[in-house]
Amino acid sequence: MNGNPNSGCRITAIYGSPRLEGNTATLLRRAVEGARDQGAAVEEIFLRDLKMSPCLEIYGCKHDGECAIKDDFQQVRNVILAADGIMLASPIFFYSVSAQVKILMDRFQSQWVKKHWIEGQPMGQSLATRKGLFLSAGATRGRKLFDGALLSVKYFFDVLDTELWDYRLYRQLDFADDIQRHPEYLAEAFQTGAALARVIQAITPSD
Ligand SMILES: Cc1cc2nc3c(=O)[nH]c(=O)nc-3n(C[C@H](O)[C@H](O)[C@H](O)COP(=O)(O)O)c2cc1C
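Notes on the structure follow. (Residues numbered from 1 in each chain as written. Predicted model: local features only at pLDDT ≥ 70, side-chain atom pairs only at ≥ 80, totals over all residues. Heavy atoms only, no water.)

For the rest of this paragraph, the subject is the site of the ligand. If you check the shell around the ligand, you find 17 residues, and the closest are Ser17, Thr24, Ile92, Leu173 and Asp174. Tyr95 has a polar backbone atom sitting 3.1 Å from an oxygen atom of the ligand. Separating an oxygen atom of the ligand from a backbone N or O atom of Ala137 is a distance of 3.5 Å. Protein chains shield 78% of the accessible area of the ligand, which is 650 Å² for the free molecule. Under a 2 Å grid-point criterion requiring more than half of the atoms, the pocket assigned to the ligand is the second largest pocket. In the shell around the ligand, the residues fall into nine nonpolar, six polar and two charged. (Near = heavy atom within 4 Å. Polar contact = N/O pair within 3.5 Å; in protein donor to acceptor, adjacent residues only side chain to side chain. Areas by Shrake-Rupley, 256 points an atom, 1.4 Å probe, with all protein chains shown as cover. 1 Å grid on protein atoms, 1.4 Å probe; cavity = no way out; pocket = protein on both sides within 12 Å on 5 of 7 lines; lining within 4 Å. Sits in = over half its atoms within 2 Å of the grid points. Nonpolar A, V, L, I, M, F, W, Y, C, P; charged D, E, K, R; others polar.)

Attention shifts here to the environment of Arg30. The residue Arg30 is located in helix α1 (residues 23-37) in this model. In the structure, Arg30 is positioned 160 residues away from Phe190 in sequence and 4.8 Å away in space, judged by C-alpha atoms. Discounting residues that sit within four places of it in the chain, Arg30 has contacts with Leu186, Ala189 and Phe190. (Helix = DSSP H or I, 4+ residues; strand = E, 2+ residues; numbered from the N terminus. Contact = heavy atoms within 4.5 Å.)

A word on the layout of surface pockets. A volume near 340 Å³ is recorded for the largest pocket. In terms of lining residues, the largest pocket is bounded by 20 residues, among which Gln125, Ser126, Tyr155, Asp158 and Val159 are the most central. Here the lining of the largest pocket takes five residues from helix α5 (residues 147-159), the largest share from any one element. In the lining of the largest pocket, the residues fall into nine nonpolar, six polar and five charged. The volume enclosed by the second largest pocket comes to roughly 260 Å³. Lining the second largest pocket are 18 residues, and of these Arg19, Pro91, Ile92, Phe93 and Ala137 sit closest to its centre. Residues of the lining of the second largest pocket, tallied by class, amount to 10 nonpolar, six polar and two charged. (Points joined across faces, edges and corners; volume = space filled by probe spheres on them.)

Topologically, Thr24 is positioned in helix α1. Note on Thr24: relative accessible area 4%, which makes it buried. Sequence spacing of Thr24 and Ser90 is 66 residues, and the spatial spacing of their C-alpha atoms is 6.2 Å. Contacts of Thr24, omitting those with residues within four sequence positions, involve Ser17, Ala89, Ser90, Pro91, Ser136 and Ala137. (Buried < 20%, exposed > 50% of the residue type's maximum accessible area, 1.4 Å probe, protein only.)

Next up on the list: the environment of Gln75. Following the sequence through the fold, Gln75 ends up in helix α2 (residues 73-82). Judged by its relative accessible area of 58%, Gln75 falls in the exposed class. Along the sequence, Gln75 and Gly132 sit 57 residues apart, while their C-alpha atoms lie 19 Å from each other.

Read across the open sheet, the five strands follow the order β2-β1-β3-β4-β5; overall the sheet is parallel. In this open sheet, the two edge strands, each paired with only one partner strand, are β2 (41-46) and β5 (162-170). Between one strand axis and the next, the sheet turns through 15 degrees on average, direction left out of account. Direction of pairing for strand β1 (residues 10-15) relative to β2: parallel, over a ladder of six bridges. Opposite Ala13, over in β2, you have Glu44 as the bridge partner. Across the sheet, helix α6 (residues 183-203) is in contact with β1, β3 (85-91), β4 (130-137) and β5; its angle to β5 comes to roughly 170 degrees. (Pairing = 2+ DSSP bridges. Axes fitted to C-alpha atoms, helices over the stretch in contact; angles between N-to-C directions.)

Turning next to the nonpolar core. Ranked by internal contacts, the top residues of the largest apolar core, which has 28 residues, are Ile80, Leu88, Leu104, Phe108 and Phe156. Broken down by secondary-structure element, the contributors of at least two residues to this core are α2, β3, α3 (99-107) and α5. Among the elements that make up this core, the one with the highest residue count is α5 (six residues). Ignoring sequence-local partners within four residues, the contact set of Phe108 consists of Phe73, Arg77, Ile80, Leu81, Phe156, Val159 and Leu160. Among the nonpolar cores identified, the runner-up in size contains 26 residues, and Ala25, Val32, Ala35 and Val42 belong to it. (Core = buried A, V, L, I, M, F, W, Y, C linked by side-chain atoms within 4.5 Å.)

What follows is the structure in structure tokens.
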């Protein structure tokens with residue numbers, strides 16, 4: 001442990017792949033280790049283990065910003081909104097994020113409604129109080145492989161008042177253990193997780 005465990009820095013790590021031992025999960029685990037090495041308190045969320053309905057677009061949230069569908073979303077939302085930083089990992093599925101991640105994003109439409117419809121916050125005004133890291137992997141080499149996912153993540157992070165502080169995108173990873181052939185990617189994930197924790201600690205007043 002190099003960092004200060006009492007730094008008060010809280011990070012939520014969101015595993016978005018259905019594979020718990022796949023490429024992005026392995027990368028995120030390393031990033032989590034890096035952040036913890038700096039003394040960050042990291043809470044891990046494994047989306048595939050949660051019961052979370054897709055958004056039903058009923059706008060039950062328009063009264064108070066509370067999603068009308070009661071399932072695991074409420075607990076996940078509270079954990080994410082209590083954190084100072086977010087690490088999100090998703091594989092590329094059809095040039096976007098996984099279904100698990102997309103469901104989470106869409107359920108946060110209730111937060112978007114709270115901010116913009118209920119509290120009247122103007123759109124396009126960034127009030128980022130959190131820092132976010134996005135990790136992703138895809139099988140192919142295409143130049144635009146991550147474009148769709150990056151746009152989704154950027155606007156998702158906006159809703160969470162989170163700056164897309166950094167992202168690490170890895171091509172040509174397909175089978176679950178392909179990442180093991182790239183210790184340099186894993187080392188980079190560890191370093192990036194540690195750097196995220198340091199950046200947050202530098203701007204977060206300690207308790
Ligand atoms: C449903 C599905 C859709 C996919 N779509 C793409 C794609 O559009 N482009 C691509 O390069 N790889 C695609 N892949 C491959 C995954 O991105 C790749 O295997 C990745 O390494 C998986 O990450 P994970 O091990 O963290 O789940 C797809 C895989 C699945 C299962």
